[in-house]
Every structure is written in C-alpha cells, then in structure tokens.
Amino acid sequence: MVKLTVNDRQHEVDAPGDTPLLYVLRDYLELHAAKYGCGLGQCGSCTVMVDGVAVFSCVTPVMLLEGKKVTTVEGLGTAENPGPMQRAFIEEQAAQCGYCIPGMMMRAQALLQRNPRASDEEIRTHMQPNLCRCGTHARILRAVRRAAGLIQTAEAAPAVRSAAR
Amino acid sequence: MRTRNIAFSLLALVVLGGGAFAAYAWHPAIDPIDPPRRESFDPALVRRGAQLAALGNCNVCHTVPGGQVFAGGLALPTPFGTIYSTNITPDPETGIGRWSEAAFARSMRAGLDRDGSHLYPAFPYNHFTLVSDEDNRALYAYLMTRDPVRAPARENDLPFPLNQRFVLAGWKLLFFREGPYRPAQDQGEEWNRGAYLAEGLGHCGACHTPRNALGAEKRGEHYAGGEAEGWHAYAINAASAAAVPWTTDSMFDYLRRGWHEHHGIARGPMAPVTANMAYVPEEDARAVAAYTVASMGQPSAERQRRAEALLAARGPVGGGARPAASDSQTVPASGGEPGAAIYAGACATCHEAGRPLPFGGINLAFSSGVRGESPENLINVVLNGLPAAEGERAPIMPGFRGVLDDAQLVALLSHLRARFGEAPAWEGLDKAVREARSGDRLASSRPTDSVQAAPADPTQRGTTW
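Since the model is a prediction, treat every value here as computed from it, not as a measurement. (Residues numbered from 1 in each chain as written. Chains lettered and ligands numbered in written order. Predicted model: local features only at pLDDT ≥ 70, side-chain atom pairs only at ≥ 80, totals over all residues. Heavy atoms only, no water.)

1. Some thoughts on the overall build of chain A
Consideration 1: Helix and strand counts for chain A come out as six helices and five strands.
Consideration 2: Seen in sequence order, chain A has helices and strands lined up from the N terminus as β-β-α-β-β-β-α-α-α-α-α.
Consideration 3: Computed over the C-alpha atoms, the radius of gyration of chain A is 15 Å, within 12% of the 15 Å expected from 2.2 N^0.38 for a compact globule of 165 residues.
Consideration 4: Principal axes of the C-alpha set define a box for chain A whose edges measure 40 × 35 × 25 Å.
Consideration 5: For chain A, with 165 residues in total, the buried portion stands at 53%. (Helix = DSSP H or I, 4+ residues; strand = E, 2+ residues; numbered from the N terminus. Rg over C-alpha atoms; globule rule 2.2 N^0.38 Å. Buried < 20%, exposed > 50% of the residue type's maximum accessible area, 1.4 Å probe, protein only.)

2. A short note on the confidence of the model for chain B
Residues and elements named next belong to chain B.
Consideration 1: In this model, chain B carries a mean pLDDT of 88, and residues with pLDDT of at least 70 account for 88%.
Consideration 2: Contacts of residues 323-334 to residues separated by more than four positions or lying in other chains number 22 contacts, the stretch itself having pLDDT below 50.
Consideration 3: Contacts of residues 455-465 to residues separated by more than four positions or lying in other chains number 21 contacts, the stretch itself having pLDDT below 50. (pLDDT = per-residue confidence, 0-100. Contact = heavy atoms within 4.5 Å.)

3. Here's the deal with the interface of chain B and chain A
Consideration 1: Across the boundary between the two partners, chain B contributes 22 residues, which contact 20 residues of chain A.
Consideration 2: Where chain B meets chain A, there are one salt bridge.
Consideration 3: Counting every contact that joins chain B to chain A gives three residue pairs in polar contact (both at pLDDT 80 or more).
Consideration 4: Residue contributions to the side of chain B that touches chain A peak at five residues, all from helix α14 (residues 338-351) of chain B. (Salt bridge = Lys/Arg side-chain N within 4 Å of Asp/Glu carboxyl O. Polar contact = N/O pair within 3.5 Å; in protein donor to acceptor, adjacent residues only side chain to side chain.)

4. Examining the sheet that holds strand β1 (residues 2-6) of chain A
The strands that make up a sheet pair up through hydrogen bonds in the backbone, lying either parallel or antiparallel.
Residues and elements named next belong to chain A.
Consideration 1: With mixed pairing, the five strands of this open sheet are ordered in space as β2-β1-β5-β3-β4. Both outer strands of the open sheet, β2 (9-13) and β4 (53-56), are each paired with one neighbouring strand and no more. Here the strands of the sheet are splayed against their neighbours by 40° on average, with no regard to which way each runs.
Consideration 2: The sheet contact formed by strand β3 (residues 47-50) and strand β5 (residues 69-71) spans two bridges and is antiparallel. (Pairing = 2+ DSSP bridges. Axes fitted to C-alpha atoms, helices over the stretch in contact; angles between N-to-C directions.)

5. Some words on the packing of helix α17 (residues 406-420) of chain B against helix α18 (residues 429-438) of chain B
Residue and element names in this part refer to chain B.
Consideration 1: Closest axis-to-axis distance for the α17/α18 pair is 10 Å, and the angle between their directions is 130°. It follows that α17 is oblique to α18 by the angle criterion. With respect to the hand of their crossing, α17 and α18 are arranged in right-handed fashion. From α17, Asp406, Leu409, Val410, Leu413 and Ser414 reach across to α18, where they touch Leu429, Asp430, Val433, Arg434 and Arg437.
Consideration 2: Taken together, the residues of the contact of α17 with α18 break down into five nonpolar, one polar and four charged. (Parallel < 35°, antiparallel > 145°, perpendicular 65-115°, else oblique. Left-handed = near helix turned anticlockwise from the far one by under 90°. Nonpolar A, V, L, I, M, F, W, Y, C, P; charged D, E, K, R; others polar.)

6. Some words on the domain arrangement of chain B
Residue and element names in this part refer to chain B.
Consideration 1: Domain boundaries in chain B define domain 1 (24-175) and domain 2 (192-438).
Consideration 2: A separation of 32 Å is found between the C-alpha centroids of domain 1 and domain 2.
Consideration 3: Summing the contributions of domain 1 and of domain 2, the shared interface buries around 2100 Å²; its carbon and sulfur component is 62%.
Consideration 4: When the buried area of domain 1 at its contact with domain 2 is split by residue, Leu55, His127 and Phe175 rank highest and sum to 31% of it.
Consideration 5: At the junction of domain 1 and domain 2, the tally comes to one salt bridge.
Consideration 6: The partner of Arg48 in a salt bridge is Asp284, with the nearest N and O atoms 3.4 Å apart.
Consideration 7: Elements that contribute at least two residues to the side of domain 1 that touches domain 2 include exactly α2 (43-56), α3 (58-61), α5 (125-128), α6 (133-144) and α7 (167-175). (Domains from an automatic or database assignment. Buried area = accessible area lost by both parts, 1.4 Å probe.)

7. Notes on helix α16 (residues 376-384) of chain B
Residues and elements named next belong to chain B.
Consideration 1: For α16, the buried fraction is high: eight of the nine residues fall into the buried class.
Consideration 2: Listing the buried residues of α16 in full gives Glu376, Asn377, Leu378, Ile379, Asn380, Val381, Val382 and Leu383.
Consideration 3: Turning to α16, the residues buried within the fold contact β3 (226-228), β4 (231-233), α15 (368-371), α17 and α18.
Consideration 4: Just downstream of α16, Gly385 is the residue with a positive phi angle, here 70°.

8. Quick look at the confidence of the model for chain A
Atomic detail in the predicted coordinates should be set aside for any region of low pLDDT.
Residue and element names in this part refer to chain A.
Consideration 1: Across chain A, pLDDT averages 92, with 93% of residues at or above 70.
Consideration 2: In the model of chain A, helix α6 (residues 157-164) stands out as the element of lowest mean pLDDT, 49, in contrast to β3, which has the highest, 98.
Consideration 3: Within the model, pLDDT remains below 50 along residues 160-165, and this stretch shows 13 contacts once partners closer than five positions in the same chain are excluded.

9. A word on the pattern of salt bridges
One side chain can pair with another of opposite charge once the charged atoms of both are near each other.
Consideration 1: In total, this model carries 24 salt bridges over all chains according to the counting rule given.
Consideration 2: The salt bridge involving Glu261 of chain B is made with Arg314 of chain B; its shortest N-O contact spans 3.3 Å. Residue Glu261 of chain B is found in the loop between β5 (259-260) and β6 (264-265), and its partner Arg314 of chain B is found in the loop between α13 (301-313) and α14; the two are separated by 53 residues along the sequence.
Consideration 3: Since its relative accessible area comes to 25%, Arg314 of chain B is described here as partly exposed.
Consideration 4: Of the charged contacts in the structure, one is a salt bridge between Lys431 of chain B and Glu435 of chain B, with a shortest N-O distance of 3.1 Å. Of the two residues, Lys431 of chain B and Glu435 of chain B both sit in helix α18, four residues apart, roughly one turn of that helix.
Consideration 5: Given a relative accessible area of 26%, Glu435 of chain B falls into the partly exposed group.
Consideration 6: Salt bridges linked by common partners bring Arg87, Glu91, Glu92, Arg142 and Arg146 of chain A together as one network.

10. A few points about the pairing of strand β2 (residues 81-84) of chain B
Consideration 1: Both strand β1 (residues 75-78) of chain B and β2 of chain B contribute to a ladder of four bridges, which runs antiparallel. When the sheet's bridge partners are listed, Pro77 of chain B is paired in β2 of chain B with Thr82 of chain B.

11. Things to note about the packing of α16 of chain B against α17 of chain B
Residue and element names in this part refer to chain B.
Consideration 1: α17 packs onto α16 with a crossing angle of 130° between their chain directions and a minimal axis gap of 11 Å. Relative to α17, the element α16 lies oblique. Where α16 crosses over α17, the two elements pack in a sense that is right-handed. Here Leu378, Ile379, Val382 and Leu383 of α16 come into contact with α17, specifically with Leu409, Leu412, Leu413 and Leu416.
Consideration 2: Split by residue class, the contact of α16 with α17 holds eight nonpolar, no polar and no charged.

12. Some details on the packing of aromatic side chains
Residue and element names in this part refer to chain B.
Consideration 1: Applying the stated criterion across every chain yields a total of twelve aromatic pairs over all chains.
Consideration 2: Ring plane angle 70° and centroid distance 5.9 Å describe the contact between Phe41 and Tyr140, whose orientation is recorded as edge-to-face. Here Tyr140 lies in helix α6 and Phe41 lies in the loop between α1 (2-25) and α2, a separation of 99 residues in the sequence.
Consideration 3: Look at Phe41 and you get buried, because its relative accessible area is 12%.
Consideration 4: Judged by its relative accessible area of 4%, Tyr140 is buried.
Consideration 5: Members of the aromatic cluster, joined through ring pairs, are Phe123, Tyr125, Phe128 and Phe176.
Consideration 6: The aromatic ring of Trp259 is capped on one face by Arg257, whose charged end is 3.8 Å from the ring centroid. (Phe/Tyr/Trp six-rings, centres within 6.5 Å; stacked < 30°, edge-to-face > 60°. Lys NZ or Arg CZ within 6 Å of the ring centre and 35° of its normal.)

So this is what it looks like as structure tokens:
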C-alpha cells in the first residue's frame, strides 16, 4: 500500500513500492495525461511534477513519493476551464499528434512556476529533455512563451496558484 | 662590532637575495608584431597544430560553452579564487594577434605573458613546458589561422597578494621545472611518445594528480587521483580502483569513444577530453593509452582473477541479449533495506537490462563511480543524470534530483557501495550529498559543443548512420 498526493488529493494505492509512478497514475488513478513513451526516462512524454520539479514518471518508483506532491496535466485545469498552460497550448495549436504534449506542458510548468519571466534561451535549455517526433517545437516554444505571458496576468493567477500549491 | 657585522651580513643577504629573486622574477617583454597573414602558414603545419590543440584540450578551457571557440572567458574556480581563461584567437587587441612565435613558445615553455609577466598555473605550463619547439610551431600556426574574435579578458577574482603576478615567481621557484621533455632511455618509443603527450600537452596530471596547499601537483603522488570542477579524477596509477584492470586496448577505446563497458562513461570534465581524443591521430591516442596503463603497473594475480570471475558471471551482453519487453520495466522488489529497494525500482531496469553501452546502463559491478575513492561522481550522476550530447551517439541517463531526497540518496549510494564497490563505506557521504544538492559544491557538466566547433579532423568522428 502506497500513500501519495496527486493534484492535491490524497490517495492510497494498492501497488508494490517499485511500481513506476506512471503506471500508478494511469492504471490505478486513471489519470491518462502522462504518456508511456520510451520507459527509460529519455523522451519526456511521461513528465510530471514532483514538488514543483519536472521528473520522468516512468523511472520513478512510487515508494520514493511518500510525503511529496505530484502534479499532472489534470491538475493544471479542466477541459471546460483550462489553466494558462493548457490555454496557451490550445491557442497556439501546438500539438500535431499530441503524444508528447502533456510532458511538454508539465516541464514548462515547472520552469514558469519558478520563473515566469524565463528568457527564450532559458526556455529552450529547460525544455531540452523532452522530445517531439512530429517536429512542432516552434509552436511548443511559442505556447510556452504565451503561457508565461498568461501566468503573469492577474486573470490567470488563481489557476497558477492552485497548480503551484 | 660583532653585532654590527652580523647585522651588515644579514642586510647584504636580504639585498642580494631580493636582487637575485628580482632577477629571477623579471622577464623582458617580447615585441608585438603585425598579425601574420593566414597564407604565411603552411597548411600541413596548421593541420598538425589542430591535432595537437585537440590533444592539449585548449578549446575546453579557452571557450565558454556555447560561445566562440578559443575566445576565452571561462571561469575556472580554484581554492584561491576564480581565474578567467584568456582569448587565444588572433585578435590583435584582445587576443594573441600581436604575439610572435617566440612569445607563444615562451608562454608554453616558461609560463610568461608576451609582456613578460607571469601566468597563473591554471594555464598548465608545468606540463606544457615539455612541448617541443616543433609542436609549439604547429600550435602557433593553428591558433593564428583561426577567426579572430574580439573578446577582452575578464579580470581575475583573486585576493591580495595572489593578484600580484610577481608572487608567481616564488611559486615557480618552488614547483616549476622547465622542459623540454627528455626521453627515458630505459623505455621504448611508444612509452616515450605517450609520456611526452600525457605529461606535456595532454596535462593528465592537472586533474589526476592531487594538489598541495599551494595548488601544485604533489610530486610523490603522481596520478594518485585528484579533483576537477566538483568531480573526482580517478587514480590512474597502481591505486586504480577499476574492477577490470585497464589494458592499452580498453584505454584506447575509452579515450576515443568516451565509454567502455568494463569501466563506465566519461563525464564532467573528462567528457570533452574524450571528445577531443576522437580527433587525434590513432597512434598518438594509442601511445597515451599505453603510457597511462603502464603507469598503473601490472595488476596482481588476485585482482586479475577477480576481474575474470566478474566477467564470467556477467552473462551475455549485447543486442538482443535480453530483449526489452513492454513489461520489462518492473524488476521484482528485493525488499529489505531501503537502498536495495530503491536500486531495484529506479536503477535496475536499465542497469540490469543487459543492453550494451552506451545506451544501456552499465552493470554497476564494473562502474568506477561505485568503486572510486570519493562518492562525488556517483552523486553527480544520480542527481543530474547524463544529458544527451547534441548530434552524436552518446550515453544518456535521467537525473533523479527531483525525486530522491537526501536520505533516500544516501540509502541508495550506501547500498551501491556495499553491493558493488568491494570497498569500505564512504566517509562523510551525508555531507557530500547535502553539499551537492544545496549547490555548495558545483559540478560542471560541459557540453561537447566547443569540441565539435573546433574539430581537428571531422572525418574521424562522424555519426554512424
């Protein structure tokens, strides 16, 4: 039995401690945003935030997460009420096949929560671990920049605070 | 009368001594020249210079990552303060454009600026002094035919009196012996070639030999293991901790590729060294390998036996040795102590998958990181991972900074040391982990961009697809 906090909700999951967080999210909690890509922590499609830091959930055994806070794309907003990161990706139409996008959003969120005024250079460096095979990088970068703008506006502030909590 | 005589003698001694020191410390400037035209250099000499510059790793210190090659400006943290590397492009105002070949050769041989002032030994002239006149000529030809970059040198950040360059004359008096290299008569040609390159341009000892309180390499502890930018440079003498003793072949492969399945992966400041070694002539790389392996001496029969047992126990490695199925990501939890459980859950899926290096994780029984004298390297790699190199085949590992807290990391590393290290537990592991995490000890992770931007011979290191 593993206790963990995901998107501000407490869960007790009947999974062995060495189960990757990704499997717990998808198979036990039915949170399907984070994707299985390479399973080796090399592509970034499984990226989520743990205590505000972007991590590869496919290589993170859940036993490490007791007392830590996990945030997934589901924690950034809903389809009806998308958060600033989600809005930015929709408005820039940043997805081609979309498989990498939840990971991209979570890695970008980790950066912008820490530094909403990140420069283009910082954004590029920070986003490097996440791969997109469709090649929509230019749009993804525009979306991250747009999200940075939204996060800095008062309108978007409540959603950011909830994601950061 | 007697007291007066003694006082007078003492005074004379001080004056004479001071005068002698001043004469020793003072060196004339060498006149500036008009920058030589590119066409005045023989292309073959320039090409040889490029290979020598790769052997000397000039690009590594004289380039800011992502910046212009050889334009300097890289901060070199030392226990005494920060020194910034200088611009060695042929820019007449901010680089070495007005240096004659004599001034360049003198800087290499004697550690002097063109104006006669002493250079800080962060520029490893205690090694470069061994370089032959002929090789200095080639290096000069190579550097003077690069694109000039206007980039003024940054002021060093050193306290008084270390910011006074004449102090360095005293340092040189104590620790510096001028070259050039003299071949050892009792050794063969390859050994001598390797010694010339490794002790000279290659300056291996700058990292792999420990330093004394004044920052000089300790004479009696050649290659006994040292420090470099937050990383431990392994002992490469008889104290080498390698699970499988190095051979000339394995060292050659490691130096050229940056990894070897019996040892692990070059990272930190060694990564750009191996990237450079890929460009140097094969016989030079082989000589360096032969010489460094000779420095480790003949491994004992017991060590050899253990290595063979380890290799035999490892089982098959290679493509398809153990196919990675979609359900192969979970390894049965070994239970018991927390470090073992973390290893099984977070590490074993790659490190026991049997996929070959560089993409598969090394079997940790072979890893120098687990066996080395200090936990620094293992901490750095577990926290920060091995970032992918751009545009080339290279190892990669995700970092675990975001998920492992200090206690979990200590538990994991203690387990790895006990299970794979064949060595006593590291002392001060808790403290080392805390420092690495808090940023008190910064570990460099240099991209190999600067190496790719100044290849000596790009044809030797192409992508294989």
